Amino acid sequence: MSATLPITLTVNGESVSADVAPRVPLVDFLRETLGLTGTHLGCAHGVCGACTVRVDGAAVRGCLMLAVQADGATVETVEGVSDSGEIADLQDAFHRHNALQCGFCTAGMLMTAAELLDAGGPPPERAEIREHISGNYCRCTGYQSIVDAVEEVAQARAADKGGQA
Amino acid sequence: MNVTTKYDRPNSYIGSSVPRPNAARLLQGRGRYVDDKILPRMLHAAFLRSPHAHARITRIDTEAARALPGVVAVYDGAEIARHVTPWQGVLTHLAGMRSPDQPALAIDVARWQGEPVVMVVAQSRAIAEDALALIEVEYDPLPAVTDMEAALTEDAPRIHPEIDSNLCWQRDIDAGDVEAAFDDPANTVVERRFTFGRHTGVTLEPRVCIGDYDPSEDRLTMHYSGQAPHMMQSVLSRHLGVPEARVRVIAEDVGGSFGIKIHTYGDEIATMAAAKLLKRPVKFAADRLESFMTDIHARDHRVTARAAIDAEGRLQAVEIDDITGIGPYSVYPRSSGIEGNQVINLIGAPYELPAYRARLRVAFQNKVPMCQYRAVGHPIAMAVMEGIMDDLAAASGRDPVELRRINLRADDSYPSASPQGMKFADLSHQACLDKLLDMMDYERLKADQDRLRAQGVYRGIGFVNMVEVTNPSPMFYGVGGAPIAAQDGATARLDASGAVHVANSITEQGQGSESILAQITADVMGVDLADVHVTTGDTATVPYGGGTWASRGAGIGGEAMLRAATALKDQVLEVAAAILQGRPEALDIRAGNIVDRDSGQIRMGLADLGRTVYYRGNELPDGVAPELIATRHFKVSDYPFVFTNGIMASHVEVDAETGIVTLLDHWVVEDVGTILNEKLVDEQIRGGVVQGIGGALYEECVYSEDGQLQNATMADYLVPMAGEMPDIRIAHVSTPTRTSELGAKGAGEAGTAGAPGAVMNAVNDALRPLGARLSQMPMTPERVLKSLRQGG
Ligand code: FES
Ligand code: FES
């Protein structure tokens, strides 16, 4: 095994320091070292989106980024955004629309959809939602229920904002 | 969409689209998939795999790998074979089928690119992979047999020297006077040759397992990502020499399976053997390259079909020749014969057909083993028959819908049987057709199509009438000697708090098995859904049963659940009657309370009853010895399977310049009998349709002539993505099956069964004015353009 490097990062609001081998991808560090197994590995090649996490506010593929590259970064995983309640409305919509079956793509889908919902502007059309999640594989649902859920949350959030304005 | 059933009543859970209780965990990242588990002292396995499709292994040198720090063990095929007996994927009821002994790891000869040759067990997967790079294996390449037709020629190289050809199995059917129908000059006859590519499941979670062996008690535990724990328990016992009762198989969350994870894989069996030999947990998690090169592949057929109708448009005969390539071994224990068997069994099933002849040949080849994947054989059978129906309609100048209507089995004609001997009951082809035409507004669509054609826009509409085999009886596997149960078991018990705990031998891979079990139980028991707690997927705790495959979970496991819950309810009412000094028949359970059946007046809570029975048994009247637990099993009798039926239509646009097919709409009307949870049924259908579309348009395992898989990455093997998929509209007709009280038929595979044929017919409908026709899946842009150049 090659030598390790010390890293310090913030994961779901908690400061974490560890020595990691340079070749360890961020997703493996999260899953195996920190036990945050909510983020999944589907291809390890940056194609399927199952490993999507948030790094410094942007949705990134945890299999393409090395843990050492996350030194000093703020990382959020599905566990973090669940516990904080940040995406509770999205999770609730996924649940009601049955926008998950096996659930293996779900963490990545939620992180990717949350990015779209946070982007601001008018609520996205269905085609735009489909386009935005087109880097995330789901082998179970056929996607329609996911689009339904995201569309509903986008409209509800827009209506909420409209109400406050 | 409203379908009325006998379960419609206030507060009924059966038929209600409640959200899946167990989905909340998965939404919060709290799933428990096998790769999430880290056991104390756990080691990691990795496999060196054959780079050749067919080669003699002349030397294996593992010395450097063994010397690498962190490597705990290295095994080749011969060493593993000392601890694991080989298996044979044959079923005795598929008469004449043969397949040689298959070892866990290749011994002397490797027969597909990707077959495991050497296993390394190390402290981490990374070390194990480093060690693989240090192993030297010398191969003497042998001629690879890849084309399934070439495989069956006299002079083809033999994949297995011990058998006299590369034929695994042949079956012929001859019923009715086929020749007379084709010879009659008054009849319209068409013929067409179809090619269906190989594709694979691409479960988002690759195959993964952990073996954990305790030598002090000779107990082996497998943490299993799969669908049939009891089958696996038996397989492990048979081949690893551990008593069956000492093998425990645990399947918690499974990241997609679709039939992929229900087979015996050498690398998984070797992982269990290593755990036993090393007396430590060993994990094997396939990476994506390994998934493509070792997960079973599916389909791979060439079919020639001929059919005749008389002057009135009535089908007179169908003749089929199907050849399918299955890789070097028939897969254990389900065999690789069922796929082709279903194709020739199901062709023409929706229609009245007087004469049928078929030949099926199943050929060995040097490619990844082929076996049952979602909708087993159905997509081929439906695409072939419905393609031929469109050809017959065109040749006889009829609208495709009109020709189908002439031939569909009448809704009042059941029970009935096909020339192949399939028994049908409780189907509704005609009602489904009417509903579909209504939903899609067929006449308007046709008018649009004509108008757009004039503007150079080519749209097409394609139909598929279908049946689906669900709820199989023992006639499917058990009769052929496989350790696969056709029955399922359910247990229901009341705890001291008044909550109901149920266990069932069907499993959950996201389709909602646990939800429908909870719904059935809550409905029968008269309790809140939240008060039902479900356990599945553990051979140590659930009753014995088949698991989840062949669309059997709801129909068989659900019926067992209904009966167990009913028995528990009877027990509860009996105790309640004793305590309340009344008669059980005068009582009922509603909203978690024992009530007077007639007045609805609450007499006692279930929690009171539970506490009385379990804590204060002294208060019970003399002679009352309550059992608040019941187990029931169920299997389908009288019918080999319970068929469902449905119809689909696809609406596409084909770009004649680029060959790209755009999916505009997709409609489905399906009859799954009693609907337990419409939302879940619809989502099964949608997901299934999209998988079927994958096979129709994108997915193909591309091989070179020498048997090298050319596209074994997710970037190169295309699957449907959100941007390309249409919204799918679904409606239902509900004809409960007579084989059970619940009346539920299966729903898991219909989407995949019908979609490929519907899309192919739609594409060809769009191409028809251009004089082109496509008979090969997937219908890639390249193939569409080629068909335009060749004019069909
Ligand atoms: S695992 Fe990272 S994109 Fe697939
Ligand atoms: S729910 Fe299974 S992959 Fe999306």
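Residues numbered from 1 in each chain as written. Chains lettered and ligands numbered in written order. Predicted model: local features only at pLDDT ≥ 70, side-chain atom pairs only at ≥ 80, totals over all residues. Heavy atoms only, no water.

K.L.:
So what exactly am I meant to see when it comes to the overall build of chain A here?
P.N.:
Helix and strand content of chain A: 6 helices and 5 strands. Listing each helix as α and each strand as β along chain A from the N terminus yields β-β-α-β-β-β-α-α-α-α-α. The principal-axis extent of the C-alpha atoms belonging to chain A is close to 55 × 35 × 20 Å. The buried share of chain A, reckoned over its 165 residues, is 55%. By sequence separation, contacts in chain A at least 24 residues apart represent 57% of the contacts at least 6 residues apart. (Helix = DSSP H or I, 4+ residues; strand = E, 2+ residues; numbered from the N terminus. Buried < 20%, exposed > 50% of the residue type's maximum accessible area, 1.4 Å probe, protein only. Contact = heavy atoms within 4.5 Å.)

K.L.:
When you look at the packing of aromatic side chains in this model, what are you seeing that I'm missing?
P.N.:
By convention here, two paired aromatic rings are described through the distance between centres and the angle between planes. Residues and elements named next belong to chain B. A complete count under the given rule lists 12 aromatic pairs over all chains for this structure. Residues Phe47 and Phe284 carry aromatic rings whose centres are separated by 5.0 Å and whose planes lie at 85 degrees to one another, so their mutual orientation is edge-to-face. Of this pair, Phe47 sits in strand β1 (residues 43–49) while Phe284 is found in strand β12 (residues 282–285), placing the two residues 237 residues apart along the sequence. Pair check on accessibility: Phe47 and Phe284 agree, each one buried. Relative to Trp549, the ring of Phe476 has its centre 6.5 Å away and its plane inclined at 15 degrees; by these criteria the two rings are stacked. In this pair, Phe476 sits in the loop between β18 (458–470) and β19 (488–494) while Trp549 sits in the loop between β21 (532–536) and α16 (553–580), placing the two residues 73 residues apart along the sequence. Residues Phe476 and Trp549 agree in their burial class; the two are buried. Three or more aromatic residues link up through ring pairs in this structure, and these residues are Phe424, Phe476, Tyr477, Trp549, Phe641 and Phe643. Seen from the ring of Phe182, Arg306 lies directly overhead, with NZ or CZ sitting 3.9 Å from the centre. (Phe/Tyr/Trp six-rings, centres within 6.5 Å; stacked < 30°, edge-to-face > 60°. Lys NZ or Arg CZ within 6 Å of the ring centre and 35° of its normal.)

K.L.:
Explain the interface of chain A and chain B to me, please; I cannot follow it from the model alone.
P.N.:
Quite often, the size of an interface is put as the accessible area lost when its parts meet. At the interface, 45 residues of chain A touch 52 residues of chain B. Carbon and sulfur atoms supply 55% of the area buried between chain A and chain B, which totals about 4,000 Å² over both sides. Remark: the boundary between chain A and chain B carries 7 salt bridges. Across the pair Asp727(B) and Arg126(A) runs a salt bridge whose closest N-O atoms are separated by 3.0 Å. Linking chain A with chain B are 27 residue pairs in polar contact (both at pLDDT 80 or more), by the criterion used here. A class-by-class count of the residues in the side of chain A that touches chain B yields 17 nonpolar, 19 polar and 9 charged. (Buried area = accessible area lost by both parts, 1.4 Å probe. Salt bridge = Lys/Arg side-chain N within 4 Å of Asp/Glu carboxyl O. Polar contact = N/O pair within 3.5 Å; in protein donor to acceptor, adjacent residues only side chain to side chain. Nonpolar A, V, L, I, M, F, W, Y, C, P; charged D, E, K, R; others polar.)

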